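Remarks on the overall topology
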Amino acid sequence: MGFGDVIEERGMGTFQILHITLLTVPALLIPSHNFIQTFSAGVPDHHCRVWTSSNGSRSTNRTGGQLRAFIPTDTGGRLEPCRRYTRPQWQLLDENGTHNASGIETEPCLDGWEYDRSVFISSIVAEWDLVCDHRSLKQLAQSIFMAGVLVGAILFGSLADRFGRRAILLWSCLQIAAMGTGAALSPNFLAYCIFRFLTGMGISGFILNDLSLAQEWIPSRFRPMVVTAQAYLVTLGQPLLAGIAFGLRRWRWIQLVAALPFLICFLYTWWLPESGRWLIVNNKTEIALKHLNRVCNFNKKKEERQMVSLEMLHMETQKDKPAADSRMSLVHLFRSTIMCRITCCITFAWFATSFAFFALAMDLQKFGLSIYLVQVIFGVIDIPFKLLASLGVTYIGRRFSQASCLILAGLLILASIAVPEDMHGLQITLTVLGKGSLASSILCAYVYSTELFPTVIRQTGMGFTQMMFRFGAMVSPLLMLTSEYVSFLPMIIFGVIALIAGASVLLLPETRNLPLPDTVEQVHSRAMQKNEHPERGAQSTYESDYLSPSTEDNCPTKTMLVDPL
């Protein structure tokens, strides 16, 4: 009996439950970093600083009525945020007059701005004047954070395959805590961007290795449940972020609250064992056996210790020694037709999901409602969508669920284009439903990607998909700028890309009820035998690749073909 057989047959014990809990609870704080700029970079109402008299002294307490002598108003009667009159126009205060202000000379806000502190007591926008000609710097800061996540996906994915999941998870937790604190204490915008970039790298490393370390110690039939639990925690993290931001309303405090809990995560992660699958694939059988015995003792299953010996683990390692000894890199994701198809299709699905998701999720102020309320609504709507997605991947299949989420999101986004501008309720409804479909797509993609890539290159593959996921998040704000030329062009592109990605997922193999592949050869064998025996499908692959003829009839893991839960 091998290492994987013990994990598959003995199911969930006390160790696995505690292990999963410790690794999934921090997911509550992931939205606090991904969406924190919704609040820390909130744009308060603002206008130019003005004078109190002709000698140029400034005013900070003018009422709205008095300010009309200094600042132009738009057609709705609101003060212009970026222009002021070159000299006071006292005649405009005469309510009985009919003065025309259209020809009066104006100038930029040369003396800075005054901000409304009722919604955001402090924000990076108000502190560093990221408004008017500098308003693009706000989006730049978010793009820099996403660039850090992208770089982290490239770097930490391959490092985890080389040095292990636990080591990179430890480093990522420490980096998030330290760099997030640095961002909260930043003296200027440049320092803030640097710390946010490094925080993003840590977030990427945490997401990649937290999920893999959780899944590689549990039976395959429980993997969707773990991913679903983590997805729900991420969803609950969105209204939690809104609550934190509403209570604090100061961007530095919000940043600290999001960063410091990862120091606790760093401390208790030392107790967690390294992935047994990774240890065996990398010829570290002694350590793998030590961790397995520790798990058995913790679960009070001493009989399991006699089921696996060091010699058995050596034999398990030697079975796939050529693949285990070879050094895998990003190139191996594209070296064969099968791996190339898997990598390209699932990566495109990740890209399409983030491409539209972050465009819909970050621009909350456009709805004209309380930004805190909208954040709660956007988070809560994900719950029923993710429930449907989790049921789909568990009972129907990974491929169908992934494709359906993307196609539905694309249709909803395209449908929103036809809604008249004055029907705000319908527009918000379609936007919320589209965002929920994309959130479900993320859940499906995590389950599906983990099962498509083999253990020897799983983290490299997951890192590459995360890289493209974050690349989509970086590109979407730039695409939104095209709305200044054609208002509906961004939504057309978002919708069409989602539809194409959903169709491409149908080219991937189904992985429901199959154990995690450990080598590239197992992925090839599974795909080839499915092509040779299409009428038997996944069951033929499962039995031929993972069950020996002598043990087929007695192997308990075979029941997963009938009852995945």
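Everything that follows concerns the structure shown earlier in this document.
Here is a short report on the structure shown in this document. What you are looking at is a predicted structure, and each value in this text was computed from that prediction instead of being measured.

1. Observations concerning the overall build of the protein chain
On a plain count of helices and strands, the protein chain comes out with 25 helices and 6 strands. The proportion of buried residues among the 565 residues of the protein chain is 55%. Considering only contacts in the protein chain between residues 6 or more positions apart, those separated by 24 or more positions represent 78%. Element-wise, carbon and sulfur atoms account for 63% of the exposed surface of the protein chain, whose accessible area totals about 24,000 Å².

2. Remarks on the packing of aromatic side chains
A complete count under the given rule lists 19 aromatic pairs for this structure. Relative to Phe-358, the ring of Phe-35 lies with its centre 5.9 Å away and its plane at 40 degrees, an arrangement referred to as tilted. With Phe-35 in the loop between helix H3 (30–34) and helix H4 (37–40) and Phe-358 in helix H17 (residues 337–362), the pair connects residues that are 323 residues apart, well separated along the chain. Given a relative accessible area of 5%, Phe-35 falls into the buried group. We classify Phe-358 as buried; its relative accessible area is 5%. Put simply, the rings of Phe-35, Trp-350, Phe-357, Phe-358, Tyr-446 and Phe-469 pair up and form one aromatic cluster. The aromatic ring of Phe-145 is capped on one face by Arg-196, whose charged end is 4.0 Å from the ring centroid.

3. Things to note about the state of the cysteines
Under the counting rule described, the total for this entry stands at 2 disulfides. The disulfide partner of Cys-48 is Cys-109, and the gap between their sulfur atoms is 1.7 Å. Between Cys-48 and Cys-109 the sulfur-sulfur dihedral comes to about -55 degrees; the bridge is accordingly left-handed. Separated by 61 residues along the polypeptide, Cys-48 in strand S1 (residues 46–48) and Cys-109 in the loop between strand S5 (106–108) and strand S6 (113–115) bring together distant segments of the chain. Judged by relative accessible area, which is 9%, Cys-109 ranks as buried. Two residues, Cys-82 and Cys-132, share a disulfide whose sulfurs are 2.0 Å apart. Disulfide Cys-82 to Cys-132: torsion about the S-S bond roughly -95 degrees, handedness left-handed. Here the residue Cys-82 occupies a position in the loop between helix H5 (64–67) and strand S4 (83–85), and Cys-132 occupies one in the loop between helix H6 (124–128) and helix H7 (136–163), the gap between them amounting to 50 residues. Ordinal numbering of bonded cysteines along the protein chain defines a disulfide pattern of 1-3, 2-4.

4. Description of unusual backbone geometry
Its identity is not glycine, yet Cys-132 carries a phi of approximately 55 degrees, on the positive side. On the basis of relative accessible area, Cys-132 is assigned to the buried category, the value being 7%. The phi dihedral of Arg-249 is positive, around 60 degrees, even though this residue is not glycine. Within the fold, Arg-249 resides in the loop between helix H10 (223–248) and helix H11 (251–259).

5. Describing the pattern of salt bridges
Where charged atoms of side chains with opposite charge meet at close range, the side chains can pair. Under the counting rule described, the total for this entry stands at 6 salt bridges. Residue Glu-107 is joined to Arg-84 by a salt bridge in which the shortest nitrogen-to-oxygen separation is 2.8 Å. Placement of the pair is Glu-107 in strand S5 and Arg-84 in strand S4, with a sequence separation of 23 residues. With respect to burial, Glu-107 and Arg-84 carry one shared label: buried.

6. Points about a nonpolar patch on the surface
On the surface, a cluster of nonpolar side chains totalling about 620 Å² of accessible area is made up of Tyr-485, Val-486, Phe-488, Leu-489, Ile-492, Val-496 and Ile-500. We classify Ile-500 as partly exposed; its relative accessible area is 46%.

7. Description of the nonpolar core
One finds Phe-39, Phe-206, Phe-357, Tyr-446, Phe-494 and Leu-508 to be the most contacted residues of the largest nonpolar core, which totals 95 residues. When neighbours within four sequence positions are excluded, Phe-39 is seen to be in contact with Phe-120, Ser-123, Leu-241, Ala-242, Ala-245, Ile-254, Ile-371, Tyr-372 and Gln-375. One finds Cys-109, Trp-113, Tyr-115 and Trp-251 within the second-largest nonpolar core, a separate group that totals 18 residues.

8. Details of the environment of Ser-32
Residue position: Ser-32 is located in helix H3. A sequence separation of 213 residues divides Ser-32 from Ala-245, and the C-alpha atoms of the two residues are 9.5 Å apart. Among residues more than four places away in sequence, those in contact with Ser-32 are Leu-241 and Ala-258.

Conventions we followed
- Residues numbered from 1 in each chain as written.
- Predicted model: local features only at pLDDT ≥ 70, side-chain atom pairs only at ≥ 80, totals over all residues.
- Heavy atoms only, no water.
- Helix = DSSP H or I, 4+ residues; strand = E, 2+ residues; numbered from the N terminus.
- Buried < 20%, exposed > 50% of the residue type's maximum accessible area, 1.4 Å probe, protein only.
- Contact = heavy atoms within 4.5 Å.
- Areas by Shrake-Rupley, 256 points an atom, 1.4 Å probe, with all protein chains shown as cover.
- Phe/Tyr/Trp six-rings, centres within 6.5 Å; stacked < 30°, edge-to-face > 60°.
- Lys NZ or Arg CZ within 6 Å of the ring centre and 35° of its normal.
- Disulfide = S-S within 2.5 Å.
- Salt bridge = Lys/Arg side-chain N within 4 Å of Asp/Glu carboxyl O.
- Patch = residues over 30% accessible without salt bridge, like charges linked within 9 Å, V, L, I, M, F, W, Y side chains within 5 Å.
- Core = buried A, V, L, I, M, F, W, Y, C linked by side-chain atoms within 4.5 Å.

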